[in-house]
Amino acid sequence: KRLDILCSLKIPNVFSPNGDGVNDVFLIQGECITDYAIEIFDRWGLLVYKGSSGSTAWDGRTPSGELCPEGTYYYVLKSRVGEKEQELTGFITLVR
């Protein structure tokens, strides 16, 4: 599906949570989306992160604090722009 909005939305497709201060978190940035939730799954479909509008930076750890391995992860972003609800899906590559 496609996210139909009239503003810029930046969703990175790779990040490297290695503590070097560069690209250490997966963070969605947008100007007009104020209400959204994201879920990130590993390749087996297990939920590894769940965030909302106020907490969408994923540091590459599971909810229990374990480091996720390098690899490709799948996300589902559900948003509300005005009265319209939308869903966007995609992939993220985690590199350590």
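Here the structure is shown first, and the text comes after it.
Rules and cut-offs
Residues numbered from 1 in each chain as written. Predicted model: local features only at pLDDT ≥ 70, side-chain atom pairs only at ≥ 80, totals over all residues. Heavy atoms only, no water. Helix = DSSP H or I, 4+ residues; strand = E, 2+ residues; numbered from the N terminus. Buried < 20%, exposed > 50% of the residue type's maximum accessible area, 1.4 Å probe, protein only. Phe/Tyr/Trp six-rings, centres within 6.5 Å; stacked < 30°, edge-to-face > 60°.

A description of the overall build of the protein chain should follow, citing residues and the corresponding values.
Counting its secondary structure elements, the protein chain contains zero helices and seven strands. In the protein chain, the succession of helices and strands from N to C terminus is β-β-β-β-β-β-β. Per-residue burial over the protein chain gives 33% buried out of 96 residues.

Which residues make up the packing of aromatic side chains, and what values go with them?
For any pair of aromatic rings, the description consists of the separation of the ring centres together with the inter-plane angle of the planes. Counting across every chain of the model gives six aromatic pairs. When the centroid spacing of 6.1 Å and the interplanar angle of 50° are considered together, the rings of Phe15 and Phe26 count as tilted. With a gap of 11 residues between them, Phe15 in strand β2 (residues 14-15) and Phe26 in the loop between β2 and β3 (29-30) connect regions that are remote in the sequence. With a relative accessible area of 0%, Phe26 lands in the buried category. Seen in terms of ring centroids, Phe15 and Trp58 are 5.3 Å apart; in terms of plane orientation they differ by 55°. Their pairing is tilted. Residue Phe15 is found in strand β2, and its partner Trp58 is found in the loop between β5 (47-52) and β6 (71-81); the two are separated by 43 residues along the sequence. No difference in accessibility class separates Phe15 from Trp58, as the two residues are buried. Within the aromatic cluster, the residues linked to one another by ring pairs are Phe15, Phe26, Tyr49, Trp58, Tyr73 and Tyr75.

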